[in-house]
Structures are given as structure tokens and as C-alpha cells.
Amino acid sequence: DAMVIQNPRYQVTQFGKPVTLSCSQTLNHNVMYWYQQKSSQAPKLLFHYYDKDFNNEADTPDNFQSRRPNTSFCFLDIRSPGLGDAAMYLCATSSVVTGSLWDNSPLHFGNGTRLTVT
Amino acid sequence: SQQGEEDPQALSIQEGENATMNCSYKTSINNLQWYRQNSGRGLVHLILIRSNEREKHSGRLRVTLDTSKKSSSLLITASRAADTASYFCATDGYPWGGKLIFGQGTELSVKP
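Residues numbered from 1 in each chain as written. Chains lettered and ligands numbered in written order. Predicted model: local features only at pLDDT ≥ 70, side-chain atom pairs only at ≥ 80, totals over all residues. Heavy atoms only, no water.

Peer 1: Whenever I open this one, the overall build of chain A confuses me. Can you help?
Peer 2: Scanning chain A from N- to C-terminus turns up zero helices and eleven strands. Against the compact-globule benchmark of 13 Å for 118 residues, chain A has a radius of gyration of 14 Å, which places it among compact chains. For chain A, with 118 residues in total, the buried portion stands at 51%. Across chain A, every contact between residues at least 6 apart in sequence was considered, and the portion connecting residues at least 24 apart equals 58%. Carbon together with sulfur atoms contributes 51% to the accessible area of chain A, which is approximately 5700 Å² in total. (Helix = DSSP H or I, 4+ residues; strand = E, 2+ residues; numbered from the N terminus. Rg over C-alpha atoms; globule rule 2.2 N^0.38 Å. Buried < 20%, exposed > 50% of the residue type's maximum accessible area, 1.4 Å probe, protein only. Contact = heavy atoms within 4.5 Å. Areas by Shrake-Rupley, 256 points an atom, 1.4 Å probe, with all protein chains shown as cover.)

The structure is reproduced here in C-alpha cells:
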């Protein structure tokens, strides 16, 4: 089945130690998103890739970076994790028609990576 | 920035009862979507309603949209214990609809 896969499901890192979370998709969707979700809160959009074009949210800290080497893979790099970065990180994909004002593609989410910072 | 606000934050009902969740948003939209999240898992898309639609059905789900009031509601009829989850509304970034901003969600508990 076509899907969005996130690895690992659980990641523990030390304060200040760089960590990379990965996401892959078999849906061939052109847009990939990274959301951060803290306990009992809404998912918060960090950034998204529209094909190869990177789009950062204005309030996403510089500590968070992303790479999309090809259509299928996207990575979230946290350069110096702090205790406040402990959260569930959700990757999602969608298919967006260029120039469409009526894009109605739902997002397909992976099961997330729960990051613990010690 | 948060676009959607949901009400109530938590809802507890008995199996067989109906559950209604409400969502309000602030700016113009192309469409509004509802998602479900089981504990510790990713979100699953439930239903999408366009800005020119007023009501939509999918199985036991009914969604309404009132663009004049900038609000939407999700009704789950004849609820089951398996419906226990968090439910989020999400609105897109008008005019380009590809980016979704989620509301705070309603935590639904259905007791058997």
C-alpha cells in the first residue's frame, strides 16, 4: 500500500546533540510537510517542500532545518536540540496542482517520531 | 499561527450517542478538512468540505460549513468506543490551498 513512513518511531537524543528524523513516501506526492506536535496541542507546521522549493514558516526556529534529496525522502535536522524540542514530529504529504486555487488534496500523515531530549 | 479554534476541548459520551464538535476560523478559506488522531499516531483525513459547500456526509460523519460565521461542525452519529480519538479541523492558506493549519482539537472519549 502507498504510504508515508517515518523512522524511527521513538528517538532519544541528548541536549545539544544533533539529530535527524527521516520520512519516506510511496505516494509520489509533490508536497512534503513537517509538523511539530506537543502533548495535547495542535500540530504546528514547521516547513514544507513544494517539489524542491523549500518554504519555511516565519516562526520556525533556525535550529530546525530540512532536506529533500528526492521526491520520496525528506529529512528533519535539529541542530542543537533543547528540552523544549521534545515533541512528536509528523511528516505529511499531499498532491498539489500547480496554479490551482481549488487544491483539495488531503494530507497523508506518517505515524510520527516521538523525540525525547535528555 | 493558529487558524482554527475548536470547541469543546474534551467531550465524553456513551456509546450510541451522537458527538458534535465545532471549529471556528479567522480568515478566508478554499476548504476545511477534519482529521482524526488516535493516541500516539499520525492524523487520518476524514472529510473535506469546500468553501462553496454547506454540508457533506461520509458514513456516520456529517460536516457543515458556514462561511459567513467562519465556523464548521463535525457530527458523529451512533458513536462507538472505537471513535475515541482527538479530532482536528484544519484550514488551508487562501488562495493557495496546499498548506494546512490545524485547530487545537477536541478529545473525544466514547464509553462502552
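Don't stop here, the text continues.
Peer 1: Whenever I open this one, the overall build of chain B confuses me. Can you help?
Peer 2: The helix and strand inventory of chain B stands at zero helices and eleven strands. Relative to the 2.2 N^0.38 estimate, which gives 13 Å for 112 residues, the radius of gyration of chain B is 13 Å and therefore close to what a compact globule would have. With respect to the principal axes defined by its C-alpha atoms, chain B has extents near 45 × 30 × 20 Å. Looking at chain B residue by residue over its 112 residues, the buried ones come to 47%. Accessible surface computed for chain B: about 5100 Å², of which carbon and sulfur atoms make up 46%. When the 13 positive and 11 negative side-chain charges of chain B are each reduced to one mean point, those points stand 5 Å apart. (Lys, Arg positive; Asp, Glu negative; His and termini not counted. Charge placed at Lys NZ, Arg CZ, Asp CG, Glu CD.)

Peer 1: I would appreciate a short explanation of the nonpolar core in the present structure.
Peer 2: Residues and elements named next belong to chain B. Counting 21 residues, the largest nonpolar core has Met21, Leu32, Trp34, Leu74, Ile76 and Leu108 as its most contacted members. The set of elements that each furnish at least two residues to this core consists of strand 2 (10–14), strand 3 (19–24), strand 4 (31–37), strand 5 (43–50), strand 7 (61–66), strand 8 (71–76), strand 9 (85–92) and strand 11 (106–111). Not counting the four nearest positions on each side in its chain, Leu32 is found in contact with Cys23, Tyr25, Ile47, Leu48, Ile49, Leu65, Ser72, Cys89, Ala90 and Thr91. (Core = buried A, V, L, I, M, F, W, Y, C linked by side-chain atoms within 4.5 Å.)

Peer 1: I keep staring at the interface of chain B and chain A and nothing clicks. Help me out?
Peer 2: Facing the 25 residues of chain B at the interface are 28 residues of chain A. Between chain B and chain A, the buried area comes to about 2100 Å², and carbon and sulfur atoms account for 52% of it. Put simply, chain B and chain A have zero salt bridges between them. Linking chain B to chain A there are six residue pairs in polar contact (both at pLDDT 80 or more). Contributing elements (two or more residues each) for the side of chain B that touches chain A: strand 4, strand 5 and strand 10 (100–102) of chain B. Taken together, the residues that form the side of chain B that touches chain A break down as eight nonpolar, 14 polar and three charged. (Buried area = accessible area lost by both parts, 1.4 Å probe. Salt bridge = Lys/Arg side-chain N within 4 Å of Asp/Glu carboxyl O. Polar contact = N/O pair within 3.5 Å; in protein donor to acceptor, adjacent residues only side chain to side chain. Nonpolar A, V, L, I, M, F, W, Y, C, P; charged D, E, K, R; others polar.)

Peer 1: Is there a simple way to think about the sheet that holds strand 7 (residues 64–67) of chain A in this case?
Peer 2: Within a sheet, neighbouring strands are paired by backbone hydrogen bonds and run either parallel or antiparallel to one another. All names here are of chain A. A sheet is described by the order of its strands in space; here four strands give the open sequence 1-3-8-7, paired in antiparallel fashion. Across the chains shown, the open sheet's two edge strands, defined by having one partner strand only, are strand 1 (4–7) and strand 7. Across the sheet, the mean angle from the axis of one strand to that of its neighbour is 20 degrees, orientation sign disregarded. Bridging between strand 3 (residues 19–25) and strand 8 (residues 73–78) involves six bridges; their strand directions are antiparallel. Within strand 8, the residue paired with Ser24 across the bridge is Phe73. (Pairing = 2+ DSSP bridges. Axes fitted to C-alpha atoms, helices over the stretch in contact; angles between N-to-C directions.)

Peer 1: Just to check I follow, could you spell out the packing of aromatic side chains for this structure?
Peer 2: Two aromatic rings are characterised by how far apart their centres lie and by the angle between their planes. Following the criterion strictly, the structure yields eleven aromatic pairs over all chains and no others. Ring geometry for A:Tyr49 against A:Phe54: centres 5.2 Å apart, planes inclined by 55 degrees, an arrangement best described as tilted. In textbook terms, an aromatic cluster arises when at least three aromatic residues are bridged by ring pairs, as seen for A:Tyr33, A:Tyr35, A:Phe109, B:Tyr35, B:Phe88 and B:Phe102. (Phe/Tyr/Trp six-rings, centres within 6.5 Å; stacked < 30°, edge-to-face > 60°.)

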